[in-house]
Amino acid sequence: MVTRNEIEGELVLRFDGSRPLSTAAVEEIDALCDRAEDQREPGPVVIHVTGAPPADWAKGLAVGLVSKWERVVRRFERVARLTAAVASGECAGMALDLLLAADIRIAAPGTTLRLASAGGGTWPGMTVYRLTKQAGAAGIRRAVLLGTPLDTDRALALDLIDEVSADPSKTLAELDFVMDGAETAIRRQLIFEAGSTTFEEALGSHLAAADRALRREAKQ
């Protein structure tokens, strides 16, 4: 169940990843993105994630629903607002997907990350893509091929999480004054594109973003 608490424009949610993938889960994250984009104030969307799906979570699951989930996670990943995820306990399945899609990632001590299992092996969804893009093939090979969990030390070394903290409130409070959502989205997109475009191809986008920043600076 996803719950939320909105305080001074900030969105705070808790997501239980121990349930099977469902239409309700897709709709909840979709609604979160709607609310996040409706609020244009500075500050992050914070999502607390924990839980791993049961062993039989994929029984009767249709690929159409998987596609909807992957698309809504992608929407969360690109939402026009800074996002932060706080992980605790065992994180697999949907919980891991959302963690890897967040901009800022904090894990409680003792947190473990692992891929869910289905069809005789680890789940071959876009979790594998994000793990590989973010940590490199060598760093996550055992996690993907053998299902080996990643503890906080390993996840921190691979830059899959940014810090380990029993009390993330200080870090989250520091995010209250970050740039507005549109500016966050622009810079995030520049990061996404950097790995797949040449300098010459990227130059125009960076110059456009720089021009936008200069115009905003002149108005202040």
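Heads up: the structure comes first, above all this text.
What counts and how
- Residues numbered from 1 in each chain as written.
- Predicted model: local features only at pLDDT ≥ 70, side-chain atom pairs only at ≥ 80, totals over all residues.
- Heavy atoms only, no water.
- Helix = DSSP H or I, 4+ residues; strand = E, 2+ residues; numbered from the N terminus.
- Rg over C-alpha atoms; globule rule 2.2 N^0.38 Å.
- Buried < 20%, exposed > 50% of the residue type's maximum accessible area, 1.4 Å probe, protein only.
- Contact = heavy atoms within 4.5 Å.
- Areas by Shrake-Rupley, 256 points an atom, 1.4 Å probe, with all protein chains shown as cover.
- Lys, Arg positive; Asp, Glu negative; His and termini not counted.
- Charge placed at Lys NZ, Arg CZ, Asp CG, Glu CD.
- Phe/Tyr/Trp six-rings, centres within 6.5 Å; stacked < 30°, edge-to-face > 60°.
- Lys NZ or Arg CZ within 6 Å of the ring centre and 35° of its normal.
- Pairing = 2+ DSSP bridges.
- Right-handed = clockwise from strand over helix to strand, strands pointing away.
- Axes fitted to C-alpha atoms, helices over the stretch in contact; angles between N-to-C directions.
- Parallel < 35°, antiparallel > 145°, perpendicular 65-115°, else oblique.
- Left-handed = near helix turned anticlockwise from the far one by under 90°.
- Nonpolar A, V, L, I, M, F, W, Y, C, P; charged D, E, K, R; others polar.
- Salt bridge = Lys/Arg side-chain N within 4 Å of Asp/Glu carboxyl O.
- Patch = residues over 30% accessible without salt bridge, like charges linked within 9 Å, V, L, I, M, F, W, Y side chains within 5 Å.

1. A short note on the overall build of the chain
- Helices and strands together make up the secondary structure of the chain, namely nine helices and ten strands.
- Over its C-alpha atoms the chain spans a radius of gyration of 18 Å, differing by no more than 12% from the 17 Å that the globule rule assigns to 220 residues.
- Dimensions of the chain, computed from the C-alpha atoms along their principal axes, are close to 60 × 40 × 35 Å.
- Taking all 220 residues of the chain together, the buried fraction comes to 45%.
- Excluding contacts between residues fewer than 6 apart, the proportion of contacts in the chain whose partners are at least 24 apart in sequence is 70%.
- Surface summary for the chain: the accessible area is close to 11500 Å², and the carbon and sulfur share equals 55%.
- Looking at the chain, you have 26 positive and 32 negative side-chain charges, and the mean spots of the two groups are 4 Å apart.

2. Regarding the packing of aromatic side chains
- Counted by the stated rule, this structure contains two aromatic pairs.
- Judged by centre distance (5.0 Å) and plane angle (75°), the rings of Trp57 and Trp123 are edge-to-face. Of this pair, Trp57 sits in the loop between strand E3 (45-51) and helix H2 (63-78) while Trp123 sits in the loop between strand E8 (121-122) and helix H4 (126-135), and the two are 66 residues apart along the sequence.
- Overall, Trp57 belongs to the buried group, its relative accessible area being 9%.
- Overall, the relative accessible area of 23% leaves Trp123 in the partly exposed class.
- Across from the ring centre of Phe15, 4.7 Å away, lies the NZ or CZ of Arg19, which sits over that ring.

3. Looking at the pairing of strand E4 (residues 83-91)
- Bridge count for E3 against E4 is six bridges, and the pairing is parallel. Bridged to Val49 within E4 is Ala87.
- Taken together, E3, H2 and E4 constitute a β-α-β crossover, and its handedness is right-handed.
- With helix H3 (residues 94-101) bridging E4 and its parallel neighbour strand E5 (residues 104-107), the resulting β-α-β unit is right-handed.
- Sheet topology note: the E4/strand E6 (residues 112-113) ladder contains two bridges and is parallel. Within E6, the residue paired with Glu90 across the bridge is Thr112.

4. Notes on the environment of Met94
- Here Met94 lies in helix H3.
- By relative accessible area, Met94 is classed as buried at 6%.
- Considered as a pair, Met94 and Ser196 are 102 residues apart in the sequence and their alpha carbons are 26 Å apart.
- If we skip the residues at most four places from it in the chain, Met94 touches Phe15, Arg19, Pro20, Leu21, Ala25 and Trp69.

5. Some words on the environment of Arg142
- Within the secondary structure, Arg142 sits in helix H5 (residues 137-146).
- What Arg142 contacts, discounting residues up to four positions off in sequence, is Gly147 and Thr148.

6. Some thoughts on the packing of H2 against H3
- With their axes 9 Å apart at the nearest point, H2 and H3 run at an angle of 30° to one another. By the criterion of interaxial angle, the relationship of H2 to H3 is roughly parallel. Every pair of crossing elements has a handedness; the one defined by H2 and H3 is right-handed. Contacts from Trp69, Val73, Phe76 and Glu77 of H2 reach H3 at Met94, Asp97, Leu98, Leu100 and Ala101.
- Taken together, the residues of the contact of H2 with H3 break down into seven nonpolar, no polar and two charged.

7. Comments concerning the pattern of salt bridges
- Across all of its chains, the model carries seven salt bridges by this definition.
- A salt bridge links Glu37 to Arg75, with the shortest nitrogen-to-oxygen separation between them at 3.3 Å. Of this pair, Glu37 sits in helix H1 (residues 23-38) while Arg75 is found in helix H2, placing the two residues 38 residues apart along the sequence.
- The partner of Arg114 in a salt bridge is Glu90, with the nearest N and O atoms 2.4 Å apart.

8. Side note on unusual backbone geometry
- A positive phi angle is found at Asp159, which is not glycine, with a value near 65°.
- On the secondary structure map, Asp159 appears in the loop between helix H6 (152-157) and strand E10 (163-164).

9. Some words on a nonpolar patch on the surface
- Taken together, the side chains of Phe199, Leu203 and Leu207 present a nonpolar region at the surface, about 330 Å² in accessible area.
- Locating Phe199 in the fold gives a position in helix H9 (residues 199-219).

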